[in-house]
Amino acid sequence: METLEFRFASPPAGTAADPALCGVVGSGNLEILIRAGDDPAACQLSIKTSARGFGQVWQAVLGDFAAGHAAGGTQVAINDMGATPAVVTLRLAQALTEYRGGAQ
Amino acid sequence: MNAPHTRQWDTLRQSRSRRLERAAALGFGREIPAERIIDLLEAVIQPGDRVCLEGNNQKQADFLSESLADCSPERINHLSMVQSVLALPSHVDLFERGLANRLDFSFSGPQGARLAKLVQEQRIEIGAIHTYLELFGRYFMDLTPNVALIAAQAADAEGNLYLGPNTEDTPAIVEATAFKGGIVIAQVNERVEKLPRVDVPADWVDFTVLAPRPNYIEPLFTRDPAQITEVQVLMAMMAIKGIYAEYGVTRLNHGIGFDTAAIELLLPTYATELGLKGKICTHWALNPHPTLIPAIESGFVQSVHSFGSEVGMEAYVAARSDVFFTGADGSMRSNRAFSQTAGLYACDMFIGSTLQMDLAGNSSTATLGRITGFGGAPNMGSDPHGRRHASPAWLKAGREAGGPNAIRGRKLVVQTVETFREHMAPVFVEELDAWKLQKTMGADLPPIMIYGDDVSHIVTEEGIANLLLCRTPEEREQAIRGVAGFTPVGMARDKRAVENLRDRGIVRRPEDLGIDPRQASRDLLAARSVKDLVRWSGGLYAPPSRFRNW
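Residues numbered from 1 in each chain as written. Chains lettered and ligands numbered in written order. Predicted model: local features only at pLDDT ≥ 70, side-chain atom pairs only at ≥ 80, totals over all residues.

### Some details on the overall build of chain A
Step number 1: A count of helices and strands for chain A gives two helices and five strands.
Step number 2: For chain A, the sequential pattern of α-helices and β-strands runs β-β-β-β-α-β-α.
Step number 3: Compactness check: chain A gives a C-alpha radius of gyration of 12 Å against a globular reference of 13 Å for 104 residues, within 12% of the reference.
Step number 4: Principal-axis analysis of the C-alpha atoms places the extent of chain A at approximately 35 × 25 × 20 Å.
Step number 5: Going through the 104 residues of chain A one by one, you find that 38% of them count as buried.
Step number 6: Pairs at least 24 residues apart make up 88% of the contacts formed inside chain A by residues separated by at least 6 positions. (Helix = DSSP H or I, 4+ residues; strand = E, 2+ residues; numbered from the N terminus. Rg over C-alpha atoms; globule rule 2.2 N^0.38 Å. Buried ≥ 20, exposed ≤ 12 C-beta atoms within 10 Å, placed from the backbone. Contact = placed C-beta atoms within 7 Å.)

### Notes on the sheet that holds strand 19 (residues 507–508) of chain B
Residues and elements named next belong to chain B.
Step number 1: Overall, mixed pairing links the eight strands, which are arranged 12-11-10-13-16-17-18-19 in an open sheet. Looking at the sheet topology across the chains shown, the edges are occupied by strand 12 (303–305) and strand 19.
Step number 2: Summarising the sheet, strand 10 (residues 251–254) and strand 11 (residues 283–285) pair through two bridges and their orientation is parallel. Looking at the pairing, Leu252 lines up with Trp284 of strand 11. (Pairing = 2+ DSSP bridges.)

### Side note on the nonpolar core
Step number 1: By size, the foremost hydrophobic cluster in this structure holds 192 residues, and its most contacted members are Leu149, Ile150, Ala152, Met237, Ala239 and Leu266 of chain B.
Step number 2: Those residues in contact with Met237 of chain B that sit more than four places away from it in its chain are Leu266, Tyr270, Ile515 and Ala520 of chain B. (Core = buried A, V, L, I, M, F, W, Y, C linked by C-beta atoms within 7 Å.)

### Re unusual backbone geometry
Residues other than glycine predominantly adopt negative phi, and peptide bonds predominantly adopt the trans conformation.
Residue and element names in this part refer to chain B.
Step number 1: The backbone of Cys281 shows a phi angle near 55°, a positive value even though the residue is not glycine.
Step number 2: With respect to the secondary-structure elements, Cys281 resides in the loop between helix 9 (258–273) and strand 11.
Step number 3: Owing to 25 C-beta atoms within 10 Å, Cys281 belongs among the buried residues under this scheme.
Step number 4: At Met424, a residue that is not glycine, the phi angle is positive and equals roughly 55°.
Step number 5: One can find Met424 in the loop between strand 16 (412–416) and helix 15 (433–441).
Step number 6: Met424 sits in the partly exposed class, given 16 other C-beta atoms within 10 Å.

### Examining the interface of chain A and chain B
Step number 1: The interface is formed by 14 residues belonging to chain A together with 15 residues belonging to chain B.
Step number 2: Of all elements in the fold, only helix 1 (55–68) and helix 2 (85–99) of chain A reach the threshold of two or more residues within the side of chain A that touches chain B.
Step number 3: Residue composition of the side of chain A that touches chain B, grouped by class: 10 nonpolar, four polar and no charged. (Nonpolar A, V, L, I, M, F, W, Y, C, P; charged D, E, K, R; others polar.)

### What to know about helix 2 of chain A
Step number 1: With 15 residues, helix 2 of chain A should reach 21 Å at 1.5 Å per residue; the first-to-last C-alpha distance of 21 Å fits that figure.
Step number 2: Most of helix 2 of chain A is tucked away: 12 of the 15 residues are buried.
Step number 3: The inward-facing, buried residues of helix 2 of chain A abut strand 2 (20–23), strand 3 (30–36), helix 1 and strand 5 (74–80) of chain A together with helix 8 (230–247) of chain B.
Step number 4: Downstream of helix 2 of chain A by one or two residues, Gly101 of chain A has phi in the positive range, about 75°. (Expected span 1.5 Å × (residues − 1).)

### Observations concerning the environment of Glu246 of chain B
Step number 1: Summarising the element assignment, Glu246 of chain B is placed in helix 8.
Step number 2: Along the chain, Glu246 of chain B and Lys396 of chain B lie 150 residues apart, while their C-alpha atoms are 9.3 Å from each other.

### A short note on the sheet that holds strand 5 of chain A
Residue and element names in this part refer to chain A.
Step number 1: One open sheet accounts for five strands, arranged 1-4-5-3-2; its pairing is mixed. The open sheet has two edge strands with one neighbour each: strand 1 (2–9) and strand 2. Strand-to-strand twist of the sheet, defined as the mean angle between neighbouring strand axes without regard to direction, takes the value 15°.
Step number 2: Pairing of strand 4 (residues 42–49) with strand 5, which is carried by seven bridges, proceeds in the parallel orientation. Each bridged residue has a counterpart across the sheet, and for Thr49 the counterpart in strand 5 is Asp80.
Step number 3: Sitting on the sheet, helix 1 touches strand 1 and strand 4, and the angle it makes with strand 1 is about 30°.
Step number 4: Against the sheet, helix 2 contacts strand 2, strand 3 and strand 5, and its axis sits at roughly 35° relative to strand 3. (Axes fitted to C-alpha atoms, helices over the stretch in contact; angles between N-to-C directions.)

### So, the packing of helix 16 (residues 473–481) of chain B against helix 18 (residues 495–503) of chain B
Residue and element names in this part refer to chain B.
Step number 1: In the contact formed by helix 16 and helix 18, the axes pass within 9 Å of each other and the chain directions differ by 95°. The orientation of helix 16 with respect to helix 18, classified from their angle, is roughly perpendicular. Between helix 16, through Glu475, Gln478, Ala479 and Arg481, and helix 18, the contact on the second element is made entirely by Ala497, Val498 and Leu501. (Parallel < 35°, antiparallel > 145°, perpendicular 65-115°, else oblique.)

These values are about where atoms sit, not about what they do.
Right under this line is the structure:
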């Protein structure tokens, strides 16, 4: 088990909504919880992952997410069971959409 | 002028007669009792023979294989084996027990690790790894079998054979052996008075043996829709919208796997919504994939010719004779040689997956410590220079590659891969394991499944790379890096070059295709479980028990 923490600048996600939960903790999958954070211009992420040694890949995947989406003002908790970057990227986009109440 | 040397011109026939006489001297007629099969094999097989053992990734002459492996290595040795697939433990036993020492084959799936070990111990000499059609071709050139051990469904009293839906490789093997002085021995599942149809005439077959149990058939082409992921749905959406629709692909082959199963299951839903019914995927060279049932039932599919059959699909195929090739008796007839020919010359597209791909687009499923071969993929995943007939898809691809005045078209050869496999193994690599394998095997060439210059498109979760439009090796490399995601190869991309390729439509993202990845949902699959497939088939599909969970 490895714990990783990241913080990226990101355009504000908008009005705070209820927390959103997406995905499941199962092999090759992950669970994402998005809540309101304290800094409207940053996306804070903390990851607990079963796969050690992929910090650089997480940084790249999450950095791309924060740059490509309005995810500022959020706090993202991820429980990962070896999801591939493709799954992580898809799940983050789904979770953020849900957090923002289905807005595109 | 010198007098001509006296030479015998019928040594093969004489050798055949002597073998048959030895069998007759042991009291054998044409029907061999199972408990005496080893006596027969030891009588008709000679040291140094070339023996073809029938077995593909589906039907296996397993009883004959096990019996041959139980023969005495003092009597039978130095055999040179020619076979499509090295799949059963007994196939490898032949080499470990000293009966055979040379192998020409196509695919070794589950025995790949044992095979690699034998090569390293120099107990086996690999002639070459072929694609199926290539190996069949050599049966008629320099690898003609002295003895063929085949599998059939049934024999009648005269020795005519019925092969059933899994006709597969048998016609090619028997033709090469029976007409070049060879001996053909068939294991059969049953003896019947009257066959449903004659697939092999009795005078091409020397001996039949009723096997103690029916020949093994692997349900290799069944993919449970429950295991298809959202990422695979996303890639399937991209492939359908960005390739199938744009080229108007009507004639095609799908590789085995969940990526292509996802495409099959999106035809009745997503592709229909896009108005593509009747415009794509009408004619197939394909085994009867259960995941194609919804597309067939939706009226998407006009015709399917198959390499082999698939366990559980017999009744469904028989009830859909407008779509599948069936005999006058009603049951399916497959034929690997003809379906591979269709896959090579009559298909506009091949789409499949791989384990590794390098920056030139070369791909391989060979990984360190395993020698596997590639079956039919190198054949279908190649652009045949012998093709002369045109089709819209072939012309469009040819003009993308060669400009508006191109004098030939191009086959679409598509590789669809998620950038990482399980356990975070990157698919995109600087160097294929195939190069290291070449060294450990002492092979002439690295085991590459599909050559990069045959590949037209790569589909990943990040987008589609169109290699036809690349004009330099550098562009090709950046196009591949540009869809390689967060693999080390992908992260080492030249971002400006990739954006330039994107402006030119060489690299396309889901949003460039009008696809929102968040809409990639399993709800789009026409069937989400094996039970759904059974329902679509009206109860005609009978999945093997391991795929039943109800």
